[in-house]
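In case you want the letters, here they are:
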Amino acid sequence: MSDGTTGTHGQAPAGDTAVIRIRDLAFRWHPRESVVLALHELMVERGEQVFIEGPSGSGKSTLLGLLAGVSVARQGEVRVLDRRLDTLGAAARDHFRAHHIGYIFQMFNLIPYLSMTDNVILPCRFSRRRRQRALQRSPSLEAEALRLLGHLDMDEPAFHRRPVTALSVGQQQRVAAARALMGSPELLIADEPTSALDGDRRESFLRLLFDECRASGATLVFVSHDRSLEGLFQRTIRLADINGAVLTTATGG
Amino acid sequence: MAILGLAWKSLVNRRATAALTVFSIALSVTLLVGVDRLRHEARASFANTISGTDLIVGARSGGIQLLLYSVFRIGSPTNNMGWASYQDLANHPRVAWTVPISLGDSHRGYRVMGTTTAYFQHYRYGRDRALAFAAGGPFDDLYDAVLGAQVVRQLGYRLGDELVVAHGAADVDFTRHEDKPFRVAGILRATGTPVDHTVHVSLQAIEAIHVGWQGGAPMPGFEVPAERLRAMDLTPDEITAVLVGLTSRMAAFQVQRYVNDYKAEPLTAILPGVALSELWNLMAVAENALLVVAAFVVVVGLVGMLTALLASLNERRREMAILRSVGARPVHVFALIMGEAGVLTLGGIGLGLALLYGLVLSARAVMAQHLGLHIAVTAPGGGEVMLLGAVAVAGFVVGIIPAYRAYRLSLADGLSIRV
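Within each chain, residue numbers correspond to sequence positions counted from 1 in written order. By the order in which they are written, chains take letters starting at A while ligands take numbers starting at 1. Under the rules for a predicted model, residues below a pLDDT of 70 receive no local features and side-chain atom pairs below 80 are neither given nor counted, while totals for whole chains, interfaces and linings still include all residues. Calculation of side-chain values draws on the structure's entire complement of heavy atoms; hydrogens and water are dropped beforehand.

## A word on the overall build of chain A
For step 1, the next point in the chain: In terms of regular secondary structure, chain A is built from nine helices and ten strands.
For step 2, the next point in the chain: As defined in this context, the radius of gyration uses C-alpha atoms, and a globule is described by 2.2 Å times the residue total to the power 0.38. Taken against the 2.2 N^0.38 rule, which gives 18 Å for 253 residues, the C-alpha radius of gyration of chain A at 18 Å falls within 12% of a compact globule.
For step 3, the next point in the chain: The buried share among the 253 residues of chain A stands at 57%.
For step 4, the next point in the chain: What sets the accessible areas is the Shrake-Rupley method with a 1.4 Å probe; for residues, cover comes only from the shown protein chains. Element-wise, carbon and sulfur atoms account for 47% of the exposed surface of chain A, whose accessible area totals about 10,600 Å².
For step 5, the next point in the chain: Here chain A contributes 31 positive and 29 negative side-chain charges, whose respective centroids are spaced 6 Å apart. Under the DSSP-based scheme used, a helix requires at least four consecutive residues in state H or I and a strand at least two consecutive residues in state E, with every element numbered from the N terminus. The buried label applies to any residue whose accessible area, calculated with a 1.4 Å probe on protein chains only, is under 20% of its type's maximum; exposed applies above 50%, and partly exposed to all values in between. Positive: Lys, Arg. Negative: Asp, Glu. His and the chain ends are not part of the count. Charged groups are reduced to one reference atom each: NZ for lysine, CZ for arginine, CG for aspartic acid, CD for glutamic acid.

Given below as structure tokens:
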């Protein structure tokens, strides 16, 4: 497979089961600027839990923006769930993200004026598909939110009455994970979600996340600069090795 | 619709700022609609200074001038009309009633008006309101006087008190009718019209106090004792003007033409409603200026909202990125801010109206009593609905500015959160 792809399970298999397939990508923010991300090939299989490692400046954020359909590639091919994101319009990419992708930020994931359950239900407000999927599992959206929060050890009644801003960082990240999993999206993207957590909590958070992804059959793409997490994943992709763009300065991570 | 729910929750979260913004918009709306309503009430009240009178007839002059001295007691008539002409007019088949009035004297700054008791019966103001007595009744004796509410409030007379009338509008010592004092026989309720500022006496009394006068001064040696005058014929030779009621409104133009073509003496007949609205239009500039000022206050209120929304945007970029990550489109972000502007504006309009009605309800009794301004508690009229609509539209237009900025920011930021 691609250079720089190492992993416990060997090579990533190719074929129709690929959730992410990037080919001959060259991305630049502006037509007159230089290429910041050049990938000959990058593939992630359905159900995989992939660790994409890279120091800041290696193009992580750029890659995540492309996968989430916020940025669009003008050169090369970006397929997610067999859809060419590079040829979709802006509105279609937003809909695609709403339906198929759960996203976890590094920190401050929650909307401060919404309750914990409202934060978890939020994706269902923008995607009928995820609403229907959530309702297939539980009788109501609230029940599904509480079910997910329960799996992530966040179902204590004391949490529900408190504003989300009063939760600890670790608790906030677990609520964010519940939100990303709400309505069973096929792809979960996590952008350094553990960097604000200390060692023990980091690992317990990851184990919860793995379990939930496995239970819902979601593919996990986990991006971080922290190599110590590598061992927990099935496969690691070193972005710095496969990014063919010559990076002279570390801009944008 | 999910976005409107978010907008609402976001405002509830920032309730202190939101409440202040709503309150400042509400105050400006109260001022705007209040000024507009007061303007209409003042116009209606002014237009109803005299109602139920179909024509006012006086010596030939301009319509507004005749109105000014006969109704508002402002200025002086240049000429009087003869008693014979008055008799002719009163006997016209289309004339139902007449109230002759005679002006020229004053009492401590208030005009004295000679008239008949028909005045208290036929004079109407406001929406067909008749004059009412707070105490006493119409003049009965030759030297009886009936005082307007303001005269009593300022000069502190009570029933039975005596007062002396001065010749002319200025109260100068040597031209007082001191030998013939009047007794307060009645006090009128406040009307908010010039009636409040008038001392009413009978036509005969005006005639009586001028017996033995020539050229505006008493003629030495011709003083007639007050009691002897009672036996004399006190029918006046001249009066200042006549208030005329017709058998039918339709006859107004016919009788007006009769008066204007009257051969024996040059006379003028005016329709009070027409002359009043001509006079009001002279004041329309001030009235419109008030409304413009109130409109600017609304603009200030909305700029306050703009400031509050724009100031909040930077700290909300993280929120926008989160929304984008769960699938919100940039138009959703636009709609979120627009929704907030809409809630603030509509909340301000609603609270403003509530404030206005609270004010009207609590102040109307006082305004009716002291200003004679009767403000009805009615649903917002067509003009007010237009004003409120304009405020709402302005609020949404102002909301576009921060909403568009948030839209641009969320497009540029995408999912990357910058603090």
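## Some details on the overall build of chain B
For step 1, the next point in the chain: Across its full length, chain B carries 14 helices and 17 strands.
For step 2, the next point in the chain: For chain B, the C-alpha atoms occupy an extent of roughly 110 × 45 × 30 Å along the three principal directions.
For step 3, the next point in the chain: Out of the 419 residues belonging to chain B, those deemed buried represent 50%.
For step 4, the next point in the chain: Note on definitions: a residue-residue contact is assigned when non-hydrogen atoms from the two residues lie within 4.5 Å. The long-range fraction of contacts in chain B, counting pairs at least 24 apart against all pairs at least 6 apart in sequence, stands at 79%.
For step 5, the next point in the chain: Approximately 19,000 Å² of chain B is accessible, and the part contributed by carbon and sulfur atoms is 61%.
For step 6, the next point in the chain: A gap of 20 Å separates the mean positions of the 34 positive and 31 negative side-chain charges of chain B.

## With respect to the packing of aromatic side chains
For step 1, the next point in the chain: Aromatic pairing here means that ring centres of Phe, Tyr or Trp (its six-membered ring) are within 6.5 Å. Orientation follows from the plane angle: under 30 degrees is stacked, over 60 is edge-to-face, and everything else is tilted. For the structure shown, the criterion picks out 15 aromatic pairs over all chains.
For step 2, the next point in the chain: Taking 5.0 Å as the distance between ring centres and 85 degrees as the angle between the ring planes, the aromatic pair formed by Phe27(A) and Trp29(A) counts as edge-to-face.
For step 3, the next point in the chain: On the basis of relative accessible area, Trp29(A) is assigned to the exposed category, the value being 52%.
For step 4, the next point in the chain: When the centroid spacing of 5.6 Å and the interplanar angle of 85 degrees are considered together, the rings of Tyr119(B) and Phe120(B) count as edge-to-face.
For step 5, the next point in the chain: The structure contains a cluster of three or more aromatic residues connected by ring pairs, namely Tyr119(B), Phe120(B), Tyr123(B), Phe133(B) and Phe139(B).

## A closer look at unusual backbone geometry
For step 1, the next point in the chain: The phi dihedral of Asp82(A) is positive, around 65 degrees, even though this residue is not glycine.
For step 2, the next point in the chain: Within the secondary structure layout, Asp82(A) lies in the loop between strand 5 (77-80) and strand 6 (83-84).
For step 3, the next point in the chain: Overall, the relative accessible area of 43% leaves Asp82(A) in the partly exposed class.
For step 4, the next point in the chain: In this structure, Arg73(B) takes a positive phi of about 55 degrees despite not being glycine.

## As for the interface of chain A and chain B
For step 1, the next point in the chain: Contacts between the two partners involve 24 residues from chain A, matched on the other side by 24 residues from chain B.
For step 2, the next point in the chain: Together, the buried faces of chain A and chain B total about 2,100 Å²; carbon and sulfur atoms form 69% of this surface.
For step 3, the next point in the chain: Per-residue buried area on chain A facing chain B is highest for Phe105(A), Tyr113(A) and Phe126(A); these three make up 36% of the total on that side.
For step 4, the next point in the chain: Salt-bridge detection follows one rule: a side-chain nitrogen of Lys or Arg within 4 Å of a carboxyl oxygen of Asp or Glu. Remark: the boundary between chain A and chain B carries two salt bridges.
For step 5, the next point in the chain: One salt bridge in this structure joins Arg324(B) and Asp94(A), with 2.8 Å as the shortest N-O distance.
For step 6, the next point in the chain: As used in this structure description, the phrase polar contact means that two N or O atoms lie within 3.5 Å; if the pair is within protein, one of them must be able to donate a hydrogen and the other to accept it, and residues adjacent in sequence are counted only when both atoms belong to side chains. Summed over the shared surface of chain A and chain B, the number is four residue pairs in polar contact (both at pLDDT 80 or more).
For step 7, the next point in the chain: Of all the elements in the fold, those that place two or more residues in the side of chain A that touches chain B are helix 2 (90-100), strand 7 (101-104) and helix 3 (116-126) of chain A.
For step 8, the next point in the chain: Classifying every residue of the side of chain A that touches chain B gives 17 nonpolar, two polar and five charged. The term buried area means the drop in 1.4 Å probe accessible area that two parts suffer when joined, counted for both and summed. Three classes are used, and their members are as follows: Ala, Val, Leu, Ile, Met, Phe, Trp, Tyr, Cys and Pro are nonpolar, Asp, Glu, Lys and Arg are charged, and the others, Gly among them, are polar.

## Re a nonpolar patch on the surface
For step 1, the next point in the chain: A residue counts toward a patch only above 30% relative accessible area and without a salt bridge, and it is joined to like-charged neighbours within 9 Å or, for Val, Leu, Ile, Met, Phe, Trp and Tyr, to nonpolar neighbours within 5 Å. A cluster of nonpolar side chains, contributed by Val292(B), Phe296(B), Val299(B) and Val303(B), occupies part of the molecular surface with about 360 Å² of accessible area.
For step 2, the next point in the chain: Within the element layout of this structure, Val292(B) appears in helix 11 (residues 284-313).

## So, the packing of helix 12 (residues 317-325) of chain B against helix 14 (residues 382-413) of chain B
All names here are of chain B.
For step 1, the next point in the chain: Contact pair helix 12 / helix 14: the axes reach a minimum separation of 10 Å and the direction vectors enclose 65 degrees. Where helix 12 crosses over helix 14, the two elements pack in a sense that is right-handed. Here Arg317, Met320 and Arg324 of helix 12 lie close against helix 14, whose contacting residues are Ala406, Leu409, Ser410, Leu411 and Asp413. Only the stretch in contact is used when fitting a helix axis, every axis being a line fitted to C-alpha atoms; angles between N-to-C directions are given from 0 to 180 degrees. Handedness of a crossing is defined here by the sense of rotation of the near helix relative to the far one, left-handed for an anticlockwise turn of less than a right angle and right-handed for a clockwise turn.

## Thoughts on the domain arrangement of chain B
For step 1, the next point in the chain: Each domain of chain B was delimited in the assignment, giving domain 1 (2-46 + 285-413) and domain 2 (55-270).
For step 2, the next point in the chain: For the purposes of this description, domain bounds are those given by an automatic or database domain assignment. For domain 1 of chain B and domain 2 of chain B, the distance between their C-alpha centres works out to 52 Å.

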